[in-house]
Amino acid sequence: MRRVKSALHWAVGISMVWILFGSPGFVFAAAGNEKPAMPNIAQETIDGSEEASKYGDYKQRFEEIEYQNDIAGRGFDVIEEQIFPIEMGDFGEVFFIPAMDAEYDRLILLFAGADGEILYKTEQLETNSCNRGQTSQPNMGISAVSFQDLNGDGLMDIVLITSCIKEEGDYAGKMYKVGDVLFQNEEGTGFYRDYRISDKINRFGMNKSIELITAFVKDGDSTEFLYTAATLEELQRAGLRIISEQCYFRNFEKLGRLQVVPGMYSIADYNIFMIYLVNEQGYIVWSLQPMGEYDNLYALKGINCRDIDGDGLKDIIVLARYSYEGNGHELIVKSDYAVYYQRTGGFSADTEIKGAYRCGEEDTMEEVVENARAYWGWKSEK
């Protein structure tokens, strides 16, 4: 039997708390002169030990998979519709077999020969690190996968996008995507990841499609500047197109006189929409991302600056139509809005109103503003 090559061959035990999750770090959040609470070291030790035990069980089952027929018996469900042939250097044509751990929702990738023997396997994936320090992950399945040579070495690499779901917090239940790239090694016997690439793909919103990831990794196009630029000039020099008809100055009580600058950047047939608040010297004071998890800006309906929550400060409402890909890969266009409240140091996105009011396709900016203000107790102006 040929030796199975795995991406990880770490010992399983309590020491894995340090390897997988780092040393127990304690974050103190003291307000004013209050003394920070002492950490509950005993409880954290117990939690860490339990987590290590969970991961140890999962990892053992993963390592025991030697043939394709072993997958189900080890507690993994094969994603049948995503099995594809792929060329792997020394091994020739093999089968790419993704599977999901039934207990912890972790995705694994297996590469099997024609006889079903697993020639290579890995679970080192960005999608398995969404819940840092936890074995259980929010994976729902594979959204897209592509095999292509990304780095020009003549070997097939893998572009992977998974669908995940937020499990708690203000956005609980909301779906999001996680992008990843696996490069085939020189010998053609396995794959490796560059965590810096995966980090940028997901941190800067380039995880929406195979085309977007390819444009970044293969062609060098990037949305990073949209989030890191310091001046309006820098944005324009990098390719941001200002939507001039919605661009104007407003006096914000806490932040002074600022120019509201909506703009788009096109990459791989995607229109990324951002709004910047720029001071009179041309420096970016704040940026807003009303697109959220949508794929494209279809049409900007309007931007309105007025007090929404009754604190006497101008807030910002954005109404637009966005497009995204449905579950059946169909194009869906939807109207949506975002509310940003002015605070002392900037703006904070609303997380409450949408639970009570969802705009329709025919809703105007006037109606959205009216409903948003009504939520906070304003009387109708009609």
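Given the structure is predicted, the values throughout are model-derived calculations rather than measurements. (Residues numbered from 1 in each chain as written. Predicted model: local features only at pLDDT ≥ 70, side-chain atom pairs only at ≥ 80, totals over all residues. Heavy atoms only, no water.)

Draft legend 1. Examining the pairing of strand β12 (residues 248–252) more closely. The pairing of β12 with strand β13 (residues 256–267) spans five bridges and is classified as antiparallel. Bridging across to β13, N251 finds its partner in R257. With antiparallel pairing between neighbouring strands as the criterion, β12 and β13 make up a hairpin whose turn holds three residues. (Pairing = 2+ DSSP bridges. Helix = DSSP H or I, 4+ residues; strand = E, 2+ residues; numbered from the N terminus.)

Draft legend 2. Structural context of a negative patch on the surface. A surface patch of like charges, here negative, comprises D90, D153, E186 and E187. As for its position among the elements, D153 is in the loop between β7 (139–148) and β8 (157–165). (Patch = residues over 30% accessible without salt bridge, like charges linked within 9 Å, V, L, I, M, F, W, Y side chains within 5 Å. Areas by Shrake-Rupley, 256 points an atom, 1.4 Å probe, with all protein chains shown as cover. Salt bridge = Lys/Arg side-chain N within 4 Å of Asp/Glu carboxyl O. Lys, Arg positive; Asp, Glu negative; His and termini not counted. Charge placed at Lys NZ, Arg CZ, Asp CG, Glu CD.)

Draft legend 3. Representation of the environment of I79 within the structure. Tracing the sequence through the fold places I79 in the loop between β2 (76–78) and β3 (84–88). Using a relative accessible area of 12% as the deciding quantity, one classes I79 as buried. Not counting chain neighbours up to four residues away, the residues in contact with I79 comprise P98, A99, M100, L107 and I142. (Buried < 20%, exposed > 50% of the residue type's maximum accessible area, 1.4 Å probe, protein only. Contact = heavy atoms within 4.5 Å.)

Draft legend 4. Inspection of the packing of aromatic side chains at higher detail. Under the criterion given, the structure shown has 18 aromatic pairs. An angle of 55° between the planes, with centres 6.1 Å apart, marks the rings of Y58 and F76 as tilted. With Y58 in helix α2 (residues 41–63) and F76 in strand β2, the pair connects residues that are 18 residues apart, well separated along the chain. Look at F76 and you get buried, because its relative accessible area is 1%. For the ring pair F84 and F147, a centre distance of 6.1 Å and an interplane angle of 70° mean the geometry is edge-to-face. On the criterion of sequence distance, the pair formed by F84 in strand β3 and F147 in strand β7 is long-range, its members being 63 residues apart. (Phe/Tyr/Trp six-rings, centres within 6.5 Å; stacked < 30°, edge-to-face > 60°.)

Draft legend 5. Broad picture of the sheet that holds strand β19 (residues 347–349). Here we have four strands laid out as an open sheet, ordered β16-β17-β18-β19, and antiparallel in their pairing. Each edge of the sheet is formed by a strand with only one pairing partner; in this case those strands are β16 (296–306) and β19. Put simply, the sheet's adjacent strands are angled 25° from each other on average, direction ignored. Relative to strand β18 (residues 331–342), strand β17 (residues 315–325) runs antiparallel, the two sharing ten bridges. Residue pairing for β18: V318 is matched across the bridge by A338. Taken strand by strand, helix α7 (residues 365–375) contacts β16, β17 and β18, and its axis lies near 120° from that of β17. (Axes fitted to C-alpha atoms, helices over the stretch in contact; angles between N-to-C directions.)

Draft legend 6. Representation of a positive patch on the surface in the model. Taken together, the side chains of K166, K174, K334 and R358 present a region of like positive charge at the surface. Its location among the elements puts R358 in the loop between β19 and α7. R358 sits in the exposed class, given a relative accessible area of 64%.

Draft legend 7. Seen up close, the nonpolar core. Counting residues in each nonpolar core, the largest one holds 23 residues, and the members touching the most others are V260, F273, I303, I316, V318 and Y322. Excluding residues that lie within four positions of it along the chain, V318 makes contacts with F273, I275, P290, L300, G302, I303, D336, Y337, A338, Y340 and M365. Counting 18 residues, the second-largest nonpolar core is a separate cluster that includes I86, L107, L125 and I142. (Core = buried A, V, L, I, M, F, W, Y, C linked by side-chain atoms within 4.5 Å.)

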